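# Close look at the chain arrangement
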Amino acid sequence: MLLLCLTVICCGLPACADTIDVSGVIRSYAVQLPAKKPAPLVIVLHGKTQRGADMVARTAWPQVAKREGFAVVFPDGLNHAWADARTQAGPGLRGPPPGTNDVAFIAKLVEKLVANGVADPRRVYVAGISNGGAMAMTLLCARADLFAAGASVIMNLTDEAVVTCHPSRPLPILLMNGTADPLVPYEGGHGSSYFATDGFWSTEETLAFWRKLNNCGIDDVDVADLPDKATTDRSTVTRISSRCPRGHDVVLYRINHGGHRMPGFAADARFPKIATSLLGPQNGDIDGAETIWAFFSRFP
């Protein structure tokens with residue numbers, strides 16, 4: 001099938017829409033191809049209620065990929081959601097259809113891009129935000145063989161996710177969570193938003209879980225407050241490192257007073273004021289895509 005190449009008006013970069021058959025279900029995605037192949041590949045997973053196109057329009061991933069020469073793919077979840085390891089959804093926020101296998105979808109997508117020479121199989125990465133962050137962790141747990149590293153933004157683990165998490169090998173992981181998140185509370189439990197679900201682990205517990213899986217020490221090694229470049233965003237960033245074996249890195253970017261938002265140098269929502277009132281502040285001291293790629297680029 002020929003790719004349907006679309007122009008992304010917001011950033012002027014070409015994104016090519018395509019589909020793939022996964023056990024009889026046609027799944028859609030957009031891909032930005034690199035100039036030279038094979039290249040590193042980043043799978044970017046949107047949040048619930050979103051589409052891959054939202055990640056193209058509202059994050060710096062297309063620009064970072066073009067500058068750094070890697071391929072980036074923006075898959076679409078069914079019903080604008082991902083079938084991660086959790087089974088409970090918040091009020092009024094339905095998940096994908098029963099029986100949806102998004103692990104199989106992403107795995108087949110990776111295998112396709114490796115087979116056609118686009119992706120370097122040793123340098124495939126996955127990053128997700130919110131429900132996409134949960135899906136990224138689910139993929140690291142289920143198909144560690146496919147990835148070199150992963151990142152989860154504004155998401156914590158749950159008991160359900162942990163019970164099914166048995167990765168075949170340790171993988172580097174970056175976490176990025178806000179302390180004032182009304183949907184996925186930093187301290188765990190139930191968020192303050194009507195759409196929040198219950199049962200989240202705290203970020204500290206989530207960090208400890210990945211440290212244990214990666215054979216890291218239990219204590220913080222380096223706690224660094226990053227420069228407060230955007231003084232009006234009501235938030236700051238602290239980077240927390242772990243003592244891990246080489247190539248098993250676990251890093252947390254704590255967004256102090258940050259909301260259920262991905263940090264960025266540009267607004268992550270069409271109506272920023274409304275987003276701030278519902279989801280909390282967006283940090284502007286770092287850019288999520290830039291920070292995650294800087295982490296990914298070190299592995300393997």
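Residues numbered from 1 in each chain as written. Predicted model: local features only at pLDDT ≥ 70, side-chain atom pairs only at ≥ 80, totals over all residues. Heavy atoms only, no water.

### Side note on unusual backbone geometry
Residue P38 is reached from K37 by a cis peptide bond, and omega for that bond is -5 degrees. Inspection of the secondary structure puts P38 in the loop between β3 (25–32) and β4 (39–45). With an omega of 0 degrees, the peptide bond running from F299 to P300 counts as cis. A positive phi angle, near 65 degrees, is found at R234, a position not held by glycine. With respect to the helices, strands and loops of the structure, R234 is situated in the loop between β9 (220–225) and β10 (236–242). Its relative accessible area of 57% is what places R234 among the exposed residues. Positive phi, normally seen in glycine, also occurs at H257, with a value near 70 degrees. When you line up the elements, H257 lands in the loop between β11 (250–256) and α7 (272–279). (Helix = DSSP H or I, 4+ residues; strand = E, 2+ residues; numbered from the N terminus. Buried < 20%, exposed > 50% of the residue type's maximum accessible area, 1.4 Å probe, protein only.)

### A short note on the environment of T164
Topologically, T164 is positioned in the loop between α5 (159–163) and β8 (173–178). Residue classification places T164 among the partly exposed residues on the basis of a relative accessible area of 48%. Separated by 39 residues in sequence, T164 and T203 place their C-alpha atoms 19 Å apart. Here T164 is in contact with A85 and C141, once residues within four sequence places are set aside. (Contact = heavy atoms within 4.5 Å.)

### Here's the deal with the confidence of the model for the chain
Of the residues in the chain, 93% reach a pLDDT of 70 or more, and the chain-wide mean stands at 93. Mean pLDDT values over the elements of the chain span from 39, in strand β1 (residues 4–8), up to 99, in strand β7 (residues 149–153). When the criterion is pLDDT under 50, residues 1–12 qualifies, and its contacts beyond four places in sequence or with other chains add up to 23 contacts. (pLDDT = per-residue confidence, 0-100.)

### Concerning helix α3 (residues 102–115)
Within an α-helix, residues lying three or four positions from one another point in the same direction, as the helix has 3.6 residues per turn. Its 14 residues place the ends of α3 20 Å apart at the C-alpha level, agreeing with the 20 Å of an ideal helix rising 1.5 Å per residue. Looking at α3, one finds that the buried residues are D102, V103, F105, I106, A107, L109, V110 and L113. Capping the start of α3 is the job of one residue whose side-chain oxygen sits 3.3 Å from the backbone nitrogen of V103: N101. Positioned one or two residues after α3, G117 has a phi angle of 85 degrees, which is positive. (Expected span 1.5 Å × (residues − 1). Polar contact = N/O pair within 3.5 Å; in protein donor to acceptor, adjacent residues only side chain to side chain.)

### Thoughts on the side chain of T206
Within the secondary structure layout, T206 lies in helix α6 (residues 203–213). Judged by its relative accessible area of 0%, T206 is buried. Within the local environment of T206, its side chain forms a polar contact with the backbone nitrogen of L157, the two atoms lying 3.1 Å apart. Each residue touching T206, except ones within four places of it in the same chain, is listed here: M137, N156, L157, L175 and W201.

### Describing the pairing of β8
By the criterion of burial, β8 is predominantly enclosed, with six of the six residues buried. Of the pairings in the sheet, the one linking β7 to β8 comprises four bridges and is parallel in character. Looking across to β8, one finds that V153 is bridged to M176. Sheet topology note: the β8/β11 ladder contains six bridges and is parallel. Bridging from a neighbouring strand, L174 pairs with V251 of β11. (Pairing = 2+ DSSP bridges.)

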